[in-house]
Amino acid sequence: MKTPADKTVILTFYSHPMKDLSMRWKAQLTFPANADDETAALLAIVDGGGVAVPSGVFEFAGVRISVVDGAGKLRCGDFVRGKHNPSIWLHRPGRLPVPGALTFE
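Residues numbered from 1 in each chain as written. Predicted model: local features only at pLDDT ≥ 70, side-chain atom pairs only at ≥ 80, totals over all residues. Heavy atoms only, no water.

### Topic: the overall build of the protein
Helix and strand counts for the protein stand at one helix and eight strands. Reading the secondary structure of the protein in the N-to-C direction produces β-β-β-β-β-β-α-β-β. Taking 2.2 N^0.38 as the reference for a compact globule, 105 residues should give roughly 13 Å; the C-alpha atoms of the protein span a radius of gyration of 13 Å, in line with that estimate. In terms of overall dimensions, the protein has C-alpha extents of about 40 × 25 × 25 Å along its principal axes. (Helix = DSSP H or I, 4+ residues; strand = E, 2+ residues; numbered from the N terminus. Rg over C-alpha atoms; globule rule 2.2 N^0.38 Å.)

### Section: the environment of D6
For D6, the position within the fold is in the segment before β1 (9–15). Spatially, the C-alpha atom of D6 lies 28 Å from that of V67, the residues being 61 residues apart in sequence.

### Topic: the pairing of strand β8 (residues 98–103)
The two faces of the sheet receive side chains in turn, since in a regular strand these alternate between them. Taken together, the four bridges between β1 and β8 define a ladder with antiparallel strand orientation. Opposite T12, over in β8, you have T103 as the bridge partner. By the bridge criterion, two bridges tie strand β7 (residues 88–91) to β8 in an arrangement that is antiparallel. Residue pairing in the sheet places W89 in a bridge with P99 of β8. Hairpin remark: β7 followed by β8, antiparallel, with six residues in the connecting loop; positive phi at G94, about 75°. (Pairing = 2+ DSSP bridges.)

### A look at unusual backbone geometry
For N34, which is not glycine, the phi dihedral falls at a positive 60°. The backbone of D69 shows a phi angle near 50°, a positive value even though the residue is not glycine. Accessibility expressed as a relative area gives 61% for D69, which makes it exposed. (Buried < 20%, exposed > 50% of the residue type's maximum accessible area, 1.4 Å probe, protein only.)

### Brief notes about the environment of V68
Relative to the helices and strands, V68 is located in strand β5 (residues 63–68). Taking relative accessible area as the criterion, V68 reaches 52% and is therefore assigned exposed. Separated by 13 residues in the primary sequence, V68 and S55 have C-alpha atoms spaced 4.7 Å apart. Once residues lying within four places of it in the same chain are set aside, the contact partners of V68 are V53 and P54. (Contact = heavy atoms within 4.5 Å.)

### Considering the pattern of salt bridges
With the rule as written, the count across this model stands at four salt bridges. Among the ionic pairs, R75 bridges to E38, the shortest N-O distance being 2.9 Å. Of this pair, R75 sits in strand β6 (residues 71–75) while E38 sits in the loop between β2 (25–31) and β3 (40–47), and the two are 37 residues apart along the sequence. According to the relative accessible area criterion, E38 is exposed, its value standing at 59%. Here D78 and R81 are joined by a salt bridge, their closest N and O atoms 2.6 Å apart. With D78 and R81 both in helix α1 (residues 76–82) and three residues apart, the pair spans about one turn of that helix. (Salt bridge = Lys/Arg side-chain N within 4 Å of Asp/Glu carboxyl O.)

Printed below as a string of structure tokens:
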């Protein structure tokens, strides 16, 4: 994988709609310019109120990304290997897992 030398790529994900706003989430995965397979893409994830998710696991591209204080990392090469795995979930302690989807903003 190689991102453009002059362009950051951001993927945005939203949870499926939930009545309880605290169960909702938004995640952004940022691939820096000129990234290769060894580069870390940075994950930022907030709940439905815009507060950083304190802890959990974001499941994406066949990888389980640890989330601490609303942040996590994914090697770009891991994204490439799992890009055809459709599962997107946020698992938080003491809560049911909530699925999500890639979206365009």
